[in-house]
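Coordinate inspection notes
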Amino acid sequence: MTLLRVKLATARAVGGLARRAGRGGGTSLPGKVLMALEPEAISELAGRLPQGSVVVSATNGKTTTTAMIASVLERAGVSLVHNRAGANMAGGVASTLLSAARRG
């Protein structure tokens, strides 16, 4: 098992424990743990996305805009890694990529 896989498993385990303890933890905590263990995690995991990525940056309306974009792309049959919760800080982005890494 590679060192990155161990870090991914550790971050997932922390999120699972937090959820079982009733502390939430699914949106940002696993990503925060992953970023502490592997500061380049976002870059590493995003680099694995076969179709690249789209980033939406704004002051207001990011969650709504990304939901609309995701809806259009999903209806077109595009496979997505989408942060539906709107947790748009590094921990939330890393958590979303962590979840997608499980699938791929």
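The structure presented is a predicted model; accordingly, all values stated were derived computationally and were not measured. (Residues numbered from 1 in each chain as written. Predicted model: local features only at pLDDT ≥ 70, side-chain atom pairs only at ≥ 80, totals over all residues. Heavy atoms only, no water.)

Observations concerning the pattern of salt bridges
One side chain can pair with another of opposite charge once the charged atoms of both are near each other. This is how it is decided: The salt bridge definition used is simple: a Lys or Arg side-chain nitrogen within 4 Å of an Asp or Glu carboxyl oxygen. By the criteria applied, helices consist of DSSP H or I runs no shorter than four residues and strands consist of E runs no shorter than two, each listed in order from the N terminus. Relative accessible area decides the class of each residue, using a 1.4 Å probe on protein chains only: under 20% of the type maximum gives buried, over 50% gives exposed, and in between gives partly exposed.
Within this structure, the stated rule accounts for two salt bridges. Where Glu 38 meets Lys 7, a salt bridge forms, and the shortest distance between an N and an O atom there is 2.8 Å. Placement of the pair is Glu 38 in the loop between helix H2 (29–37) and helix H3 (41–46) and Lys 7 in helix H1 (residues 3–20), with a sequence separation of 31 residues. Relative accessible area serves as the criterion here: at 16%, Lys 7 is assigned to the buried category. The closest approach of N and O atoms between Glu 44 and Arg 48, which form a salt bridge, is 3.7 Å. By relative accessible area, Glu 44 is classed as partly exposed at 38%. Judged by relative accessible area, which is 47%, Arg 48 ranks as partly exposed.

Observations regarding the nonpolar core
One recurring pattern in soluble globular proteins is that nonpolar side chains are buried together. To be explicit about the condition: We define the nonpolar core as a collection of buried residues of types Ala, Val, Leu, Ile, Met, Phe, Trp, Tyr and Cys that are connected through side-chain atoms lying within 4.5 Å of one another. Note on definitions: a residue-residue contact is assigned when non-hydrogen atoms from the two residues lie within 4.5 Å.
Ranked by size, the top nonpolar core spans nine residues in total: Leu 4, Leu 8, Ala 11, Val 33, Leu 34, Ala 41, Leu 45, Leu 97 and Leu 98. Secondary-structure elements contributing two or more residues to this core are H1, H2, H3 and helix H5 (90–103). Counting residues per element, this core draws most heavily on H1, at three residues. Filtering out sequence-adjacent residues up to four positions away, Leu 4 remains in contact with Glu 38, Glu 44 and Arg 48.

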